[in-house]
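Results of the structural survey
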Amino acid sequence: MSAIYGANKDEFVTSLAALCLYDGEAEITAANISTLLAASNNVVAPYWPGLFAGLLKDGNAEKLVFSVGSAPAPAAGAAAAAAGAAPAGEAPKKEEKAKVEEVDGLDGGMDM
């Protein structure tokens, strides 16, 4: 794994500090994030703690943490529901795919 430098490092350590505060059930403020960063010997640009504190205030941390992995249903499921699913008790009909004839590119065609 390569090292993280510059703004990427600042963003990474600030987000970890904010998540530590959330996990410890402490208030996520710019001052608390700055204190945690100072205690862990991390120096970041002065705007990062305030940016994350503003982003994660008023319960937004929980929304962010618990929204990971909750993507909408696949389009195929929605299309089947829109088309009208088969009534209960009936087996779904299988659609047959048309056979595609494969042609071997080396099979004949060039006589030498």
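Note that the coordinates shown come from a computational prediction; the quantities given were computed from them, not determined experimentally.

**As for the environment of proline 49**
Here proline 49 shows up in helix 3 (residues 47-55). The exposure class of proline 49 is buried, given its relative accessible area of 4%.

**Some details on a nonpolar patch on the surface**
A contiguous nonpolar patch, built from Ile4, Phe12, Leu16, Leu19, Val65 and Phe66 and spanning about 520 Å² of accessible area, is present on the exposed surface. Looking at the nonpolar patch element by element, the count peaks at three residues for helix 1 (residues 6-23). In this structure, phenylalanine 12 sits in helix 1. Using a relative accessible area of 41% as the deciding quantity, one classes phenylalanine 12 as partly exposed.

**Some words on the pattern of salt bridges**
A side chain with one charge may pair with a side chain of the opposite charge, provided their charged atoms come close. Following the criterion strictly, the structure yields one salt bridge and no others. Among the salt bridges present, the one from lysine 9 reaches aspartate 10, with a minimum N-O distance of 3.9 Å. Residue lysine 9 is classed as partly exposed on the basis of its relative accessible area, which comes to 24%. Note on aspartate 10: relative accessible area 12%, which makes it buried.

**What to know about the environment of alanine 30**
Inspection of the secondary structure assignment puts alanine 30 in helix 2 (residues 30-39). With a relative accessible area of 29%, alanine 30 lands in the partly exposed category. Along the backbone, alanine 30 and glycine 50 are 20 residues apart, and their C-alpha atoms lie at a distance of 4.7 Å. Setting aside residues no more than four positions away along its own chain, alanine 30 makes contact with Pro49, Gly50 and Ala53.

Procedures and definitions
- Residues numbered from 1 in each chain as written.
- Predicted model: local features only at pLDDT ≥ 70, side-chain atom pairs only at ≥ 80, totals over all residues.
- Heavy atoms only, no water.
- Helix = DSSP H or I, 4+ residues; strand = E, 2+ residues; numbered from the N terminus.
- Buried < 20%, exposed > 50% of the residue type's maximum accessible area, 1.4 Å probe, protein only.
- Patch = residues over 30% accessible without salt bridge, like charges linked within 9 Å, V, L, I, M, F, W, Y side chains within 5 Å.
- Areas by Shrake-Rupley, 256 points an atom, 1.4 Å probe, with all protein chains shown as cover.
- Salt bridge = Lys/Arg side-chain N within 4 Å of Asp/Glu carboxyl O.
- Contact = heavy atoms within 4.5 Å.

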